[in-house]
Amino acid sequence: MPFDRELLKGSIALLILKLLSERDMYGYEIIQESLRRSQEAFEFKEGTLYPALHQLHKRGYLRSEWRTGENGKQRKYYGLTAAGRKAARASEKEWVFFTKMVNAMLSKANP
Amino acid sequence: MGFFHENGERHALEGQPVTRLDRIVSRVVLLAKLPGNKLRSEIAKELRAHLEDLAEEARSYGYDEDASARMVKRRFGEPQEIASAFASVYAPERLAKRLAQAALLVITSTIAVVIVIGTVQSIAAICTATSILSTFRDIYWELFGFGAITAGYCSLYAGERLFPTSLARAVLPSVTVGLWLSALFLWLIPQHAALPLAAFTCAALGRLLQRVEIPLVWFAGTALPLLIAWALFGRLISGWQFPWLVWLGLTICCKVLREVVQFLERFVFSESFA
């Protein structure tokens, strides 16, 4: 189902923090993982993903390091810092509350 | 990787053959105006690794070279869009760096002006067999002049950097600074405002005429405002016997400030202007 991409842009920090709370990933892997989990509904554009990763890194929520993969290619892996874990939990709580309220509004509007 | 290679060209940064991937990455990095070479190469490396992953994915679908390139471009998005997003992420750092550079330019220029004017006055004192200390008895008023010369030259330089394609716009910072300085000097030193304001105009006009290809034409830039001020207000500094020395001092200042600017551009600011 098509949706306004601004909705995805607005929640990109939460989605990144959530994905990285499970394991360290690099940019391409984050895109692939979000595609897989959302059944190809969420496709992060590079223009959104990489600046968002750098913004979260600047805020101290992410750490990063270059690692060499099995195929010899170097990739920049991102992982959560302690502040990032805290922010991830807070953002998730906020999102759950927000969606609950939106759903409540929608259900009353359409009884 | 032969996948995106084009013949005969070389990549400027890493010595690798220029690829379409490199072009996309270079465009993003260039347009993003990232502060610092380290950050630029870090982001370039990261985006390049990403593009290589995309290209590998395209190959796994069995696409030919052109189809793969199209797919990579489509999936990656517009370089301008990515660059603009990166630019806003690093906007505070860029601004801080610009301000630090501006402060360095102003401090270095002021020191250069003080040294030049001080040297000219000392030489004049020696040549006229007067006490060097006595030539600095108006130092308080001269300090305003030192600041005004720096402000005149640096404001025009700032205008050139901000509006490199429009001369009319390039002089706007100088005009604005000049108006503020006029108000400030007329308030603080109403009896002695003429010389620093003339010096400000001399320095700005000197910088402006340094752009002219004809050698030494900027000498006129430093002379004209001084002559006008001299005609209007007479002797500008009490006890100053040699007005041409004022012109000489200002002219040497303009020359030295030009060298200062060129030095900073080459060795300090080069990273930002890359």
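Residues numbered from 1 in each chain as written. Chains lettered and ligands numbered in written order. Predicted model: local features only at pLDDT ≥ 70, side-chain atom pairs only at ≥ 80, totals over all residues.

Section: the packing of helix H7 (residues 139–162) of chain B against helix H12 (residues 243–267) of chain B
All names here are of chain B. Two numbers describe how H7 lies on H12: the axes approach to 11 Å, and their chain directions differ by 45 degrees. The angle between the axes of H7 and H12 places the two elements in the oblique class. Handedness of the crossing formed by H7 with H12: right-handed. Together, Ile149, Tyr153 and Tyr157 of H7 and Leu250, Cys253, Cys254, Leu257 and Val261 of H12 make up the contact between the two elements. Per-class residue counts for the contact of H7 with H12 are 8 nonpolar, no polar and no charged. (Axes fitted to C-alpha atoms, helices over the stretch in contact; angles between N-to-C directions. Helix = DSSP H or I, 4+ residues; strand = E, 2+ residues; numbered from the N terminus. Parallel < 35°, antiparallel > 145°, perpendicular 65-115°, else oblique. Left-handed = near helix turned anticlockwise from the far one by under 90°. Contact = placed C-beta atoms within 7 Å. Nonpolar A, V, L, I, M, F, W, Y, C, P; charged D, E, K, R; others polar.)

Some words on the interface of chain B and chain A
Each partner contributes residues to the interface: chain B has 13 residues there, and chain A has 14 residues. Among the elements of the structure, helix H2 (37–60) and helix H4 (79–89) of chain B are those that each provide at least two residues to the side of chain B that touches chain A. With 6 residues, H2(B) is the single largest residue contributor to the side of chain B that touches chain A. A class-by-class count of the residues in the side of chain B that touches chain A yields 7 nonpolar, 2 polar and 4 charged.

A look at the sheet that holds strand S3 (residues 74–80) of chain A
All names here are of chain A. Read across the open sheet, the 3 strands follow the order S1-S3-S2; overall the sheet is antiparallel. Either end of the sheet is taken by a strand with one partner, and the two such strands are strand S1 (25–26) and strand S2 (62–68). Bridge count for S1 against S3 is 2 bridges, and the pairing is antiparallel. Bridge pairing links Met25 to Tyr78 in S3. (Pairing = 2+ DSSP bridges.)

Focus on the pairing of S2(A)
All names here are of chain A. Sheet analysis places S2 next to S3, joined by 7 bridges and oriented antiparallel. Residue pairing for S3: Thr68 is matched across the bridge by Gln74. Linking two consecutive strands that pair antiparallel, namely S2 and S3, is a turn of 5 residues; a positive phi of about 85 degrees is found at Gly72 within it.

Focus on the confidence of the model for chain B
Atomic detail in the predicted coordinates should be set aside for any region of low pLDDT. Residue and element names in this part refer to chain B. Averaged over every residue, the pLDDT of chain B is 83; residues scoring 70 or more account for 89%. Per-element confidence in chain B is highest for helix H9 (residues 172–188), whose mean pLDDT is 95, and lowest for strand S1 (residues 5–10), whose mean pLDDT is 38. Below pLDDT 50 for its whole length, residues 1–17 participates in 24 contacts with residues either more than four positions away or in separate chains. Across the interface, the model reports ipTM at 0.84; the global pTM reads 0.74. (pLDDT = per-residue confidence, 0-100.)

Comments concerning helix H3 (residues 65–76) of chain B
With 12 residues, H3(B) ought to run about 16 Å at 1.5 Å a step, and its terminal C-alpha atoms sit 16 Å apart, in line with that. Listed as buried for H3(B) are Ser68(B), Val72(B) and Phe76(B). End-on view of H3(B): buried residues confined to an arc of 55 degrees, all on one side of the axis. In this structure, H3(B) carries Asp66(B), Ala67(B), Arg70(B) and Arg74(B) as exposed residues pointing more than 90 degrees from its buried face. Buried positions along H3(B) lie against helix H4 (46–58) of chain A together with helix H1 (20–32) and H2 of chain B. Taken from the residues just after H3(B), Gly77(B) is the one with a positive phi, measuring 95 degrees. (Expected span 1.5 Å × (residues − 1). Buried ≥ 20, exposed ≤ 12 C-beta atoms within 10 Å, placed from the backbone. Arc of directions from axis to C-beta.)

Focus: the nonpolar core
With 41 residues, the main nonpolar core has Ile16(A), Leu53(A), Val28(B), Leu51(B) and Phe86(B) as its most contacted residues. Setting aside residues no more than four positions away along its own chain, Leu53(A) makes contact with Ile16(A), Gly27(A), Leu62(A) and Tyr78(A). (Core = buried A, V, L, I, M, F, W, Y, C linked by C-beta atoms within 7 Å.)

Concerning unusual backbone geometry
Residue and element names in this part refer to chain B. Positive phi, normally seen in glycine, also occurs at Lys33, with a value near 50 degrees. Residue classification places Lys33 among the partly exposed positions, given that 16 C-beta atoms sit within 10 Å. Its identity as a non-glycine residue notwithstanding, Ala129 has a phi of 55 degrees, on the positive side. Inspection of the secondary structure assignment puts Ala129 in the loop between helix H5 (91–127) and helix H6 (132–135). For Ala129, a count of 6 C-beta atoms within 10 Å gives the class exposed.

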